[in-house]
Protein chains: 2
Amino acid sequence: MTVTHPRGFIAAGITAGLKASGKKDVALVVNEGPTFVAAGVFTSNRVVAAPVVWTRQVVADGRADAVVLNSGGANAATGPEGFLDTHTTAEHVASALQAQGRDVSPGDVAVCSTGLIGMRLPMSTLLAGVDAAVASLAPDGGAVAAEAIMTTDSVAKTTVFEGDGWSIGGMAKGAGMLAPGMATMLCVITTDAIIDPAQARLALTEAVRTTFNRLDSDGCMSTNDTVVLMSSGASGFQPSPSEFQTALTAAAHDIAQQLLRDAEGAEHDIAIRVVNATSELAAEKVARAVSRSNLFKAAIFGKDPNWGRIISAVGTVPEDEAPFNAETLDVWVNGVHACKASGVGEDRSLIDLNPRAVDIVIDLHAGEATATVWTNDLTHDYVHENSAYST
Amino acid sequence: MTVTHPRGFIAAGITAGLKASGKKDVALVVNEGPTFVAAGVFTSNRVVAAPVVWTRQVVADGRADAVVLNSGGANAATGPEGFLDTHTTAEHVASALQAQGRDVSPGDVAVCSTGLIGMRLPMSTLLAGVDAAVASLAPDGGAVAAEAIMTTDSVAKTTVFEGDGWSIGGMAKGAGMLAPGMATMLCVITTDAIIDPAQARLALTEAVRTTFNRLDSDGCMSTNDTVVLMSSGASGFQPSPSEFQTALTAAAHDIAQQLLRDAEGAEHDIAIRVVNATSELAAEKVARAVSRSNLFKAAIFGKDPNWGRIISAVGTVPEDEAPFNAETLDVWVNGVHACKASGVGEDRSLIDLNPRAVDIVIDLHAGEATATVWTNDLTHDYVHENSAYST
């Protein structure tokens, strides 16, 4: 039941008519308390959608009572009118919830949108959808809510983590444009654990750092990425900060891996692990350089063990960002030590690239830090799906 | 006649047998003087092929008497043995030229290689090819030399510039992995103008900066990129530094545009021009971010006027690298003002993406500097060609 698994949450997912397909396109998640703690992490893109500007403000005080999400339009690059549309949506949600006797202020309603950039949302359709969503809010609404935020996703992404008397639930959409700061994704995570706003913010930031921010499906960073965490405190349990952090990171990791597995057109899920770097950041820089090499990604699609494309990508990272000796690199591809001391290692024909999972290990021999970045191969279907999105 | 158009040069291109196809694979260009001025610009990749290490040393003193180039193997990631192979090749060239009565030292023989990374070169085949090349050196050998350096190129790239009593000739290979610092390319430029080594170095660096280094076909930077300039001084004419600079940049631009038009699998040539930036470097950073967006490049392939992918790529550039207000961006796609003040502009359906040439203009409204980066679309054929290169 995803976001409605923890106590204190109700949700809905309905068809407003924003998608030409007639599939569900508006989701609503409402926190019934007793606490209304919230935190958010957003895209690091400087060009941000109106709902990102709005929702940053909503969670700035550590509180959100509800989050409304629509697919079928990103409300990005829509100017002041687009921001007004987001504001109107939040006010409409608050009014509809107030009519049910809930004391919700518009300033506590987070808004998320996903879809095509550069188009205004059809507001009358959306607001009618909001009314329908409010009317169908239910304690088991998590599944339909998860369905309503899908765009090119082939499956809904949900997670549940069971703590000791408390739990975490989550839902997300995202199937492309996965890149740091973050994937093109919307994600709502709920918990009935008792946490305070500062803890929520810290825990969410840390969880995102090593999960969503390490996904780099196609190097493209969206204008709308949002992860919202809401706590109802309804379990009455207060886990230790480290216990909650571990659980939240596990939940985020689970969702991130689901996003990876559903990336548009992908046929391989590639883990690029850089070891013995001088720092975690240096390791991440190197892994990300490899994850962004189209030549490498096309080779993996073709099951071509062309490891030269790995070390040539490693070599593009500036020395001040990742110190290492370019003449002593080691690379393993699916367990085969193909590159030894930057030279020819085991025979490339030993590498089996038939499995969907591909495991790249790069040893920099420069320090003791490690980082993993996950990406996908570059396929015919990726090009196909992304060559005709808006038309 | 490309590199043999200027006086004082002879060249050859022969089949050594390095390529399974039986096509020409070894080229040789020899400067007959009276001057032997040379300069080189090389990949900025930290992982460099043995011939790059060698040729950097050769041109360090401003002199080169000959350049030998092979396709069919990059001699990269081949360790100390690979460097020895390059050294042996240069010594073999010098010996063979000495046998013809030419006073050539091995330390003045530049070596370039291109092909698969991570494989040793078959040296007996290569050295026999060197002998054959030396034997067939001719004043009209430029065309066959240009043919012998092709890899996945569909056409040979050559240029000639006529100065006032002097000239420039050039040949290049490169059809993928085109990225800054430079394209995956080998390029030899010759001139019979009288220039000194310092001028050669400065002029070549400046010419490369705004031509080859502004090509970003697929964001991938090679281990072997080399541009060598050689001057014979045989014309007896000494153009002014600015006159020579203009000519050299024009020749490099001509070759760079030929590389762009022949990029693997491309169906569109895209010029991304960023205007009104705070500096040329800032403009270049923004243009390069767009040139590396797979989503943007796939959309252009699909003739989908999805301009949201342009501004979302613009927004990924950190503020300290390119100051601008993300809410006042303007974008034109093939002349249509599709994005105004970061919002919806003219109707996207007005954009015609049928022509091969695509012209993107991005106005940052932040300063007065301009830069253009050239790239290609991301196509099915790109993925296809690059998914089975080594196997």
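The name an unreviewed UniProt entry gives chain A is Arginine biosynthesis bifunctional protein ArgJ, with Demequina lutea as the organism. According to the UniProt record, the Sequence similarities (unreviewed entry) comment for chain A reads "Belongs to the ArgJ family." Its UniProt record, at the heading Subcellular location (unreviewed entry), says of chain A: "Cytoplasm".

**Quick notes on the pattern of salt bridges**
Residues and elements named next belong to chain B. Within the structure shown, the criterion is met by 30 salt bridges over all chains. A salt bridge links Glu280 to Arg214; the nearest nitrogen and oxygen atoms lie 2.7 Å apart. Of this pair, Glu280 sits in helix α7 (residues 280–291) while Arg214 sits in the loop between α5 (197–209) and β9 (226–231); the two residues are 66 residues apart in sequence, bridging distant segments of the chain. Given the relative accessible area of 31%, Glu280 is considered partly exposed.

**Structural notes on the sheet that holds strand β9 (residues 226–231) of chain A**
All names here are of chain A. With respect to topology, five strands assemble into an open sheet ordered β3-β9-β8-β7-β6, the strand pairing being mixed. Of all strands in the sheet, those with a lone pairing partner are β3 (37–42) and β6 (157–162), marking the two edges. Taken over all neighbouring pairs, the strand axes of this sheet differ in orientation by 10° on average, direction set aside. Summarising the sheet, strand β8 (residues 186–191) and β9 pair through six bridges and their orientation is parallel. By the bridge assignment for β9, Thr190 is matched with Met230. Sheet contacts for helix α1 (residues 50–59): β3 and β9; angle to β3, the most-contacted strand, approximately 145°. Against the sheet, helix α5 (residues 197–209) contacts β3 and β9, and its axis sits at roughly 30° relative to β3.

**What to know about the pairing of strand β10 (residues 269–277) of chain B**
Residue and element names in this part refer to chain B. With seven of its nine residues buried, β10 lies for the most part within the structure. Pairing of β10 with strand β14 (residues 357–363), which is carried by seven bridges, proceeds in the parallel orientation. Within the sheet, the bridge partner assigned to Arg273 lies in β14 and is Val361.

**Notes on the packing of aromatic side chains**
Going through the model one piece at a time under the given rule, you end up with six aromatic pairs over all chains. An aromatic cluster is built from Phe161(A), Trp166(A) and Phe244(A), whose rings are joined through pairwise contacts. Looking at Arg46(A), its charged tip hangs above the ring of Phe324(B), at a distance of 3.7 Å from the centre.

**Side note on the state of the cysteines**
Residue and element names in this part refer to chain B. For the structure shown, the criterion picks out zero disulfides over all chains. The thiol of Cys112 is not disulfide-bonded; the next cysteine sulfur, from Cys187, is found 9.6 Å away. Residue Cys112 is classed as buried on the basis of its relative accessible area, which comes to 3%.

The rules behind these values
- Residues numbered from 1 in each chain as written.
- Chains lettered and ligands numbered in written order.
- Predicted model: local features only at pLDDT ≥ 70, side-chain atom pairs only at ≥ 80, totals over all residues.
- Heavy atoms only, no water.
- UniProt positions renumbered as here; feature names shortened; annotations may be inferred.
- Salt bridge = Lys/Arg side-chain N within 4 Å of Asp/Glu carboxyl O.
- Helix = DSSP H or I, 4+ residues; strand = E, 2+ residues; numbered from the N terminus.
- Buried < 20%, exposed > 50% of the residue type's maximum accessible area, 1.4 Å probe, protein only.
- Pairing = 2+ DSSP bridges.
- Axes fitted to C-alpha atoms, helices over the stretch in contact; angles between N-to-C directions.
- Contact = heavy atoms within 4.5 Å.
- Phe/Tyr/Trp six-rings, centres within 6.5 Å; stacked < 30°, edge-to-face > 60°.
- Lys NZ or Arg CZ within 6 Å of the ring centre and 35° of its normal.
- Disulfide = S-S within 2.5 Å.

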